[in-house]
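Listed below are the residues making up each chain.
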There are 2 protein chains.
Amino acid sequence: MRLQRSDLDSLPRRQRAAFINCLSGYKSANLVGTVSRDGQPNLAIVSSVVHLGANPPLLAFINRPPSVDRHTLEYLTDTGYFTLNHVHAGMVEAAHQTSARYPRDVSEFDAVGLTAEFGAVHPAPYVAESRLKIGLQVRDIKPIELNGTVMVIGEIVEIVLPDQALAEDGYVDLSQLDTVTIGGLDGYYRVEPMFRLSYAKPDCSPEKL
Amino acid sequence: MRLQRSDLDSLPRRQRAAFINCLSGYKSANLVGTVSRDGQPNLAIVSSVVHLGANPPLLAFINRPPSVDRHTLEYLTDTGYFTLNHVHAGMVEAAHQTSARYPRDVSEFDAVGLTAEFGAVHPAPYVAESRLKIGLQVRDIKPIELNGTVMVIGEIVEIVLPDQALAEDGYVDLSQLDTVTIGGLDGYYRVEPMFRLSYAKPDCSPEKL
C-alpha cells in the first residue's frame, strides 16, 4: 500500500491520528513527575522521550501545545525540575490512566494509585513503583512553531536504579527491569533481548557481544 | 543505587555514554535514507526518531553535530527530502553496519547489502527490504545549542506499508511487521504485544481493547 499525503488527509481525524502515531516506530514509556509551587504533585505519561547527548547528559520530550495541557509544562517551568520514571509491565494500567484529564487540585499519583517519592537533590517527585528514575533540571524549552508543541530539554542530576541493573560497561538491559515500550497512541508491548552488536567499522561485519 | 551528577562525571567516557544512552527507555529503530545532489545514496541508522504531531504529520530525529557526521544532514538539506525505514529483525546486522564511517563516495546501501528503491513523489531513497517506509520533506532544522546537535523535522509526504498492516481504526501493530526496538547504543530487542488500552477518562479505569 502506497499512501500519499492526500490519502492521509482524507482519513477521519481519529484514524489518522492513530495511524501517524504508529509511524515513528516503538516509543519509550515514561512518567513525567512534577510539582507545583504550592506542593501539588503531577504525573503524566509520555512516549516522546528522546536521548539528546551524553556529555552533558541531556534528555528531551515533546509536550503538547501549552494551551491544551498546562500542568506538566507549568510546574516544570515554575520549579525548574522534573523526573522521568520508566514504566514496567506491572504498572502499565496506572501509567496509562495518568493521561485522563484530572482537575488541577487532583494529584494523578493519588488518582491512579502510584506513590510520590521525594529526594534530597531536587523538588520533583519520583514514582516509587518505577525501577529506573531520573531527576532532571530544565535547561531549555524549545517552541516547535510548525504545530505549537514544545521540546523540553532536561539535564540529568540524579539517577535511581537497582544495583544489579548497571553492567560493568555502562549498559542497562531494560528487559531485566521489565520496562515496556509503546506503539501508537495506546499499544503496550513487552520486550525480549535479541543481542548487542559491536561498534561498527567499515572493514568488518558487526559481532554479537 | 542512587547516582548524582558527580558520580556520572567520574565514569570513564565510554561507560558513561553507554549508560546515558540507555536512560531514555526503548528507542525506535529506523534507517534514514538520503541522496546527494549528484545522486550518491546515503543510509544511516538512527534511534532518535520521535513523533511530533499528526496534523500536519510531523516526525523528527536528532542528528549529531554537523562537524562530526556530515553526509545525512548535508544531503537532506541539499535535496529537501529524506526517508525513514523501519528496521525488522531480519535486517538488524545490516542496519547496524550503516553506522560505520564509510568514505563519501561509498553508498552504505552497497556496503551493507541493502537495496535503494526510488519512488515518484520525492528524490530520497527507500530501503527495499524495510516493511514500513516513510518519505518526508524537510520542514525545519533546529539547532540544539546545549550540545551542538540538531533536530531535523520532516513532514510526511508518502507512506509505504503492507496492505494488511493498517487496521480499520488506523492502528499499525509493529510487532506484526517484526519491527525491532533499540536499547542503549548497541542493544536490539524483539517486541511482543501486551494489549491496547482505551482512551483514559477521569472516572473510569482503562479497558483492554
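Residues numbered from 1 in each chain as written. Chains lettered and ligands numbered in written order. Predicted model: local features only at pLDDT ≥ 70, side-chain atom pairs only at ≥ 80, totals over all residues. Heavy atoms only, no water.

## Points about the pattern of salt bridges
No. 1: In the structure shown here, the tally under the stated rule is 28 salt bridges over all chains.
No. 2: Residue Lys142(B) is joined to Glu145(A) by a salt bridge in which the shortest nitrogen-to-oxygen separation is 2.8 Å. You can see Lys142(B) sitting in strand β10 (residues 133-144) and its partner Glu145(A) sitting in the loop between β10 (133-144) and β11 (149-160), one on each of two chains.
No. 3: For Lys142(B), a relative accessible area of 11% translates into the label buried.
No. 4: Notably, a salt bridge pairs Glu93(B) with Lys208(A), separated by 3.6 Å at the nearest N-O pair. Pair noted here: Glu93(B) is in helix α4 (residues 92-97) and Lys208(A) is in the segment after β13 (187-196), and the two residues belong to different chains.
No. 5: Classification of Glu93(B) as partly exposed rests on a relative accessible area of 29%.
No. 6: Accessibility expressed as a relative area gives 54% for Lys208(A), which makes it exposed.
No. 7: The network of salt bridges with common partners includes Arg5(A), Asp9(A), Arg16(A), Arg139(B) and Glu155(B). (Salt bridge = Lys/Arg side-chain N within 4 Å of Asp/Glu carboxyl O. Helix = DSSP H or I, 4+ residues; strand = E, 2+ residues; numbered from the N terminus. Buried < 20%, exposed > 50% of the residue type's maximum accessible area, 1.4 Å probe, protein only.)

## Looking at the sheet that holds strand β2 (residues 27-28) of chain B
No. 1: One open sheet accounts for six strands, arranged β2(A)-β12(A)-β13(A)-β13(B)-β12(B)-β2(B); its pairing is antiparallel. In this open sheet, the two strands that pair with only one neighbour each are β2 (27-28) of chain A together with β2 of chain B.
No. 2: As paired elements, β2(A) and strand β12 (residues 181-183) of chain A share two bridges and run antiparallel to each other. Within β12(A), the position partnered with Ser28(A) by the bridge is Thr181(A). (Pairing = 2+ DSSP bridges.)

## Here we look at the relation of the copies chain B and chain A
No. 1: If you rotate chain B by 180° and push it 0.0 Å along the axis, it lands on chain A with an RMSD of 0.0 Å. Considering both components of the superposition, the chain copies are consistent with a two-fold axis. Closest to the rotation axis within chain B is the C-alpha of Val191(B), separated from it by 2.3 Å.
No. 2: Interface residue correspondence from chain B to chain A reaches 99%, placing this contact among same-surface, isologous pairings. (Least-squares fit on C-alpha atoms with pLDDT ≥ 70 in both. Contact = heavy atoms within 4.5 Å.)

## Remarks on the pairing of strand β4 (residues 41-46) of chain A
Residue and element names in this part refer to chain A.
No. 1: Counting buried positions along β4 yields six of six residues, so the element is predominantly enclosed.
No. 2: Residue alternation in β4 divides its side chains into two sets, Pro41, Leu43 and Ile45 and Asn42, Ala44 and Val46, and both sets are buried.
No. 3: Summarising the sheet, strand β3 (residues 30-35) and β4 pair through six bridges and their orientation is antiparallel. Residue pairing across strands places Asn30 opposite Val46, the latter belonging to β4.
No. 4: What sits between the antiparallel neighbours β3 and β4 is a turn of five residues, in which Gly39 has the positive phi angle 90°.

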